[in-house]
Amino acid sequence: MAITRRTFLKGSAVAGGTSALASFLAGGPKTLVASAQQPAAATAGEDFVPTTCWIGKQDCGMLARRINGRVVSFTGHPDHPRNVGTLCPKGVAQVMAIYDPNRVQTPLIRTNEKGKSGTWRRASWDEALTLVGQKIKEVRARDKRLLIWQKGRSKAGAFYDNAFVKASGATGLGHGAYCSDAGYRAAEYTIGPHGVLHPDFRHTKYLISWGWNVTNAGGNKFCFITWPQQLVQAKERGMKVVVIDPRLRGAGPFADEWLPIRPGTDLALALSFASVLIEKGYVDRGYLAKYTNSPYLVKEDGTFLRVDGKEQVWDPASGSAKPVGAAGVEPALEGEFTVGGAKVKTAYQLFKEHVAKSTPEWAAGVCGVPAADIRRIATELGENALIGHTVVVDGVTLPHRPVSVMAYHMAQQEQGFEAIRAMIMVFMLLGAMEAVGGVRIDFTWKPYANYEKLDQIKIKDPPYNIYLGDSKYFPINSKLPGIVAKVMQNPAKYGVDYTPEVMILHMANPLGSFASQADFIAAYKKFKFVAVIDPWLSETADYFADVVLPAATIEKYEGPLGASDQYVDATTLRVPPMKPLFQSRPEIEIYMDLCEKAGILYGKDGYLDQVNQALKLKDAYKLDLGAKPAVRDIFDRWAKSEGIAEGVAYFEKKGVKAKGAFPAKKFYGFAQSPPFNGKTHRLYGESLLRYQREMKAKGAEKVYWQDYTAFPTWRPPTKDASPAAYDLTLISYKLVEFKQSRSSFIPLLAELAPEQRLEINPKTAKAKGVKDGDMVWVESQNALTGETRKVKVRARLTEGIRPDTAGMPHHYGMWTHPSAKGQGPTANTLFFTGEGYVTNTADQSFQVQVKVWKA
Amino acid sequence: MPRYGMVIDLDRCVGCRACMEACKVENNTPQAIFWMYLFRFEEGEFPATRISFLPRPCMHCDNAPCVKVCPTGARYKRDDGLVATNADACIGSRYCVAACPYGVNSFNWKEPKANYYLDWSAPSAAQALKPVTAGAVPPYDNPDLDRKWGKEQRKIAGGGHRQGIVEKCTFCVQRVEKGLKPACVTACPVSALEFGDLDDPASAVSRRLRSDRSFRLREDFGTEPRVHYIGAARAGTGAREIEQPKGATA
């Protein structure tokens, strides 16, 4: 199945040598020159206002072209590192979304019962804010845990996730557990920084594109433009791309080779790659011995050998165990030893034994990928890793390992945490984590608090909080709203002694964008009061809002927003290109007013105080805790506090503040002194095994603890226990035309991708008597509860998907907007949440067994 | 006099259709009319499947069949190579639609102002938007399109989109005359599209044509297109179009 069309530079025999790269991060080998130009004003009444895209997550810089103050188009901001003058279809199309008369035009108060489509009366802002503010005040006075703040996406974390949640004491819930949070947890726990996995594109020569939907979605940290730009440049330098994905469409023409893997088996493939690397000796022993816990001695009970609380390594010179870090000791990487009469092995020795049985032949049976391909790809990884090679960057000699992986939404499977951990281990063997050309997690080397926290969790006895934090169920915990929905339906079952009463929904539409819809409908009936802050009437608002507060879209000051492309540091704001349309208002104003009504705006620990802290304002620029400021004034203070003398006017005029290239010292974990700031990479997850034992001891069932293992361990996913009639695995994915569940109603975008579809292989379709364009029923089955769910959707045949897999994008399924009607169902009506369909870290899986028949 | 042309790098194209969308907004094309169209193709059988993309603007042919068949001279070739449509002279014969081998012409069967996706003249929309848009339909209406351009001073930039006449890609004449590149070129996230003077050896289009092998669509027709393609990611003869937009007739 090799489809190589481009020249591929095979790993050359330079291992062990050193070469220098000129002008590294400050420019480097850029082959892509943006076509953008600064437009010249030539039409009467024309001007250009710099602003920031409101649709996506990477906040691309834009110029709003205005005619007599009316915005007529958005084009990319030429100086913004993330999009350098370009724009994606969503960014372009948002000009129509702004003017959409179907936006919520005034505050709305519900006039009918909840749980069905709403009827509304228009209300004044004061009436609506007073109502919501009083509810917040009343519920906080009784018990702050009764207040939930649920966001879909927030575009100014300092003001919303941070200041409002802290000032109100609400339980803050995000959407990350539907996205990639299991990957974040895996990377934080294993290496330290906050992110999933992406390449050092300027230097990567061999890339595993693992589930990366490159032609449709961004991957780690970005929503679209930046990664494809860097990919194209890397390909033009000769980088090879191996795609591991049940579907080809994501990588499209950028696949030099495609391994169509069976969904849910990525962990098995990663373990097999590791087994081949070890068998063939592609192991960076120096890195493993020095910077990871590979040489730590592990007792037969699976815990580290400790003397006076200190982990031990084996010192071959003295033939004895010595404390980790002892001077002059070059620890043994592998082997079995006896210390004080007890048998111990190094963690690496155990890893070798753990992966030895994961041969390519075994993995071929699990993953549906030929063994020869697995062996060859692993070998190519090993060859191209150039183990032993170094390179001088900014005067610092660093390991050069030009092999990498983009893995982001790989986390969206039942073993997502373990699968990403296993992928990290493949690249740990190669010494490629944070090496030049290797695997990166964040834009710079920045260890995150979770590196320690996730290792030191104290599992509690009930009662638990609503998302089961520190519980025997999900000790590592990404706060999955689906789990909250499950718990709300039956708090006693999970040892929870309260039910939240008031929810504030911020630009979130759980009924559309979160799996599973049925659980949210059942749970949200229990909220006594729901306030929605959103520019549109979401489906969740339609069914459950008591009050809807219309937010502005792009017509507001918002931020601060990062603008780094991973190599260049920059920051920006969203600047309003026009006044808020209709009666909509900027969210920051809404929160200030809500806090005032709820009595939590002023004084110490109030919202303004929290904003001061969240924005890290220097004393001279701190907000007066006794007066409500204008939003523009807050950003003026922030900009000045950041050393930008012109204040907010700088952004109003220029749009983006570039701060130059990151120096290697800030960029690479290896360039720190000591490397990685002394954070030992965890090949062996001792604390995970400890959690498993504590969970068992506290009576948790196997479904919760089975993936808490010292090494990632493959098992058949729960969904595989569905009856054989459910013969296809349904996966979901993203289309480039839409962002999450809040854009399929934008008519310009809906025109490009008008209808939901079930993608199936023509062979599968033929066997089921289904032709391209036929309407089919898709029925999913929960392997643990037996529950089934079904939807009707149009079948689209494609040779770019495995015959045992069916695919459905996760957009569509909305009903409140006239442009969304008739688009077909969302895949989120078919997925299940809760046991068997979430990771051990409370992150959602988007895989379920389905059967398909002609409607 | 520049000799304008476009170069499209198929090895860079990620198939995102930002070009189509940028064209739609800049040129205010009505619903289901695409001056720029991006084909998404699939070919081969699993697992030897290939996916490819093909952006297709007007080819602005030097030997343009549409110019020859136009009964009124509304379709004409400018000195700089742009194939233009004078909206004031078009009688809607649709001869150009039949003559063009690339399918780039669209006929306005509907009244364009009533074909902009949402009902902008409904009272709830018109009242709420009027303070901002002064009644413009669509609200992002680009005033440049209704202006007269070139030494001939004709309405060739979409001409305000009228019912009963034909329209097509203009290479964004209203931008080119200001020294800007077409909207599709500017938007492209990966610089797969390039525009400029083919006679200027220093232009980006000339540089890219020098460094890569290029081809044009159906050169055997003798139409002499001004749009050149480079790159190996070209669809084969057995390719099937996938993911068509709504109402697309391309």
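Residues numbered from 1 in each chain as written. Chains lettered and ligands numbered in written order. Predicted model: local features only at pLDDT ≥ 70, side-chain atom pairs only at ≥ 80, totals over all residues.

### Topic: the overall build of chain B
Next, step 1: The number of helices and strands found in chain B is seven helices and 11 strands.
Next, step 2: Its C-alpha atoms give chain B a radius of gyration of 18 Å, near enough to 18 Å, the size a compact globule of 250 residues would have.
Next, step 3: Projecting the C-alpha coordinates of chain B onto the three principal axes gives extents of approximately 55 × 45 × 35 Å.
Next, step 4: Within chain B, counting contacts between residues at least 6 apart in sequence, those at least 24 apart form 64% of the total. (Helix = DSSP H or I, 4+ residues; strand = E, 2+ residues; numbered from the N terminus. Rg over C-alpha atoms; globule rule 2.2 N^0.38 Å. Contact = placed C-beta atoms within 7 Å.)

### A few points about the sheet that holds strand β2 (residues 46–52) of chain A
All names here are of chain A.
Next, step 1: Strand order in this open sheet of three strands is β2-β3-β4, and the pairing throughout is antiparallel. Looking at the sheet topology across the chains shown, the edges are occupied by β2 and β4 (70–76). When strand polarity is set aside, the average angle formed by the axes of neighbouring strands in this sheet is 30°.
Next, step 2: The pairing of strand β3 (residues 61–67) with β4 spans six bridges and is antiparallel. Note on β4: the bridge partner recorded for Arg65 is Ser73. (Pairing = 2+ DSSP bridges. Axes fitted to C-alpha atoms, helices over the stretch in contact; angles between N-to-C directions.)

### Quick notes on the sheet that holds strand β16 (residues 320–323) of chain A
All names here are of chain A.
Next, step 1: In space, the three strands of this open sheet follow the order β14-β15-β16, with antiparallel pairing throughout. Of all the strands in the sheet, the pair left with one neighbour each is β14 (306–307) and β16.
Next, step 2: Pairing of β14 with strand β15 (residues 310–315) involves two bridges; the strand directions are antiparallel. Bridge pairing links Val307 to Lys310 in β15.

### Re the pairing of strand β24 (residues 529–534) of chain A
Residues and elements named next belong to chain A.
Next, step 1: Buried residues dominate β24, accounting for six of its six residues.
Next, step 2: Both faces of β24 are covered, namely the face carrying Phe529, Ala531 and Ile533 and the face carrying Val530, Val532 and Asp534.
Next, step 3: In terms of strand pairing, strand β23 (residues 502–506) meets β24 through five bridges, oriented parallel. Across the sheet, Leu505 pairs through a bridge with Val532, a residue of β24.
Next, step 4: Pairing analysis gives four bridges linking β24 to strand β25 (residues 547–550), with the strands arranged parallel. Among the inter-strand pairings, Ile533 is bridged to a residue of β25, identified as Leu549. (Buried ≥ 20, exposed ≤ 12 C-beta atoms within 10 Å, placed from the backbone.)

### Quick word on the pairing of β4(A)
Next, step 1: Of all seven residues making up β4(A), seven are buried, and the element is well covered by its neighbours.
Next, step 2: Counting the residues that bridge the hairpin from β3(A) to β4(A) gives two residues, and of these Asn68(A) lies at a positive phi of roughly 50°.

### Side note on unusual backbone geometry
Next, step 1: Along the chain, Pro462(A) connects to Pro463(A) via a cis peptide bond; the corresponding omega equals 5°.
Next, step 2: Note that Pro463(A) resides in the loop between α12 (450–453) and α13 (481–489).
Next, step 3: With phi around 55°, Leu386(A) is a residue other than glycine that occupies positive phi space.
Next, step 4: Mapped onto the secondary structure, Leu386(A) falls in the loop between α10 (371–384) and β19 (390–393).
Next, step 5: Looking at Leu386(A), the number of C-beta atoms within 10 Å reads 28, which means it is buried.
Next, step 6: Here the phi dihedral of Ala32(B) falls at roughly 70°; this positive angle occurs in a residue that is not glycine.
Next, step 7: By secondary structure assignment, the location of Ala32(B) is in the loop between α1 (18–27) and β2 (37–43).

### A short note on the confidence of the model for chain B
Next, step 1: Averaged over all residues, the pLDDT of chain B equals 95, while 98% of them reach at least 70.
Next, step 2: Scored as a whole, the predicted complex attains pTM 0.95, and scored at its interfaces, ipTM 0.97. (pLDDT = per-residue confidence, 0-100.)

### Focus: helix α15 (residues 517–524) of chain A
Residues three or four positions apart in an α-helix share a direction because the helix packs 3.6 residues into each turn.
Residues and elements named next belong to chain A.
Next, step 1: Listed in full, the buried residues belonging to α15 are Gln517, Asp519, Phe520, Ala523 and Tyr524. Down the axis of α15, the buried set is contained in an arc of 160°. They therefore lie on one face.
Next, step 2: Where the residues of α15 are buried, they touch α13, α14 (510–513) and α16 (539–544). (Arc of directions from axis to C-beta.)

### Considering the interface of chain B and chain A
Frequently, the measure chosen for interface size is the accessible area that the parts lose on association.
Next, step 1: Counting from both sides, the interface comprises 57 residues of chain B and, opposite them, 59 residues of chain A.
Next, step 2: For the side of chain B that touches chain A, the secondary structure elements donating two or more residues are α1, β3 (50–56), α4 (123–133) and α6 (183–187) of chain B.
Next, step 3: For the side of chain B that touches chain A, the leading source of residues is α1(B), giving seven residues.
Next, step 4: In terms of residue class, the side of chain B that touches chain A is built from 31 nonpolar, 11 polar and 15 charged. (Nonpolar A, V, L, I, M, F, W, Y, C, P; charged D, E, K, R; others polar.)

### Re the nonpolar core
Next, step 1: In terms of nonpolar packing, the biggest core is built from 348 residues, with Ile420(A), Met423(A), Tyr607(A) and Cys19(B) touching the most fellow members.
Next, step 2: In terms of residues, this core owes the most to one element, helix α11 (residues 416–429) of chain A, which gives 11 residues.
Next, step 3: Contact partners of Met423(A), with chain neighbours within four places excluded, come to Leu197(A), Trp210(A), Ala270(A), Val405(A) and Ala407(A). (Core = buried A, V, L, I, M, F, W, Y, C linked by C-beta atoms within 7 Å.)

### Quick look at the packing of helix α6 (residues 266–279) of chain A against α10(A)
Residue and element names in this part refer to chain A.
Next, step 1: Look at α6 against α10: their axes get within 9 Å of each other, and the N-to-C directions meet at 60°. Considering their axes alone, α6 and α10 lie oblique with respect to each other. Crossing handedness for the pair α6 and α10: right-handed. Where α6 approaches α10, its residues Leu269, Ser272, Phe273, Val276 and Leu277 are matched on the opposing element by Ile374, Arg375, Ala378, Thr379, Leu381 and Gly382.
Next, step 2: Residue classes in the contact of α6 with α10 are distributed as seven nonpolar, three polar and one charged. (Parallel < 35°, antiparallel > 145°, perpendicular 65-115°, else oblique. Left-handed = near helix turned anticlockwise from the far one by under 90°.)

### Regarding the confidence of the model for chain A
Next, step 1: Mean pLDDT over chain A: 94, with 95% of residues reaching 70 or higher.
Next, step 2: A low-confidence stretch, residues 1–39 of chain A (pLDDT under 50), is modelled with 88 contacts involving residues beyond four sequence positions or located in other chains.

### Considering the environment of Thr785(A)
All names here are of chain A.
Next, step 1: As for its placement among the helices and strands, Thr785 is situated in the loop between β31 (775–781) and β32 (788–797).
Next, step 2: On the neighbour-count criterion, Thr785 (11 C-beta atoms within 10 Å) is exposed.
Next, step 3: Spatially, the C-alpha atom of Thr785 lies 45 Å from that of Asp593, the residues being 192 residues apart in sequence.

### A look at the domain arrangement of chain A
Next, step 1: With domains assigned, chain A is organised as domain 1 (46–87 + 555–661), domain 2 (191–444 + 676–684) and domain 3 (718–854).
Next, step 2: With centres defined by C-alpha atoms, the gap from domain 1 of chain A to domain 3 of chain A works out at 38 Å. (Domains from an automatic or database assignment.)

### Topic: helix α5 (residues 226–236) of chain A
Next, step 1: Taken across its 11 residues, α5(A) has 10 buried, putting it largely inside the fold.
Next, step 2: Contact partners of the buried residues in α5(A): β11 (240–244) of chain A.

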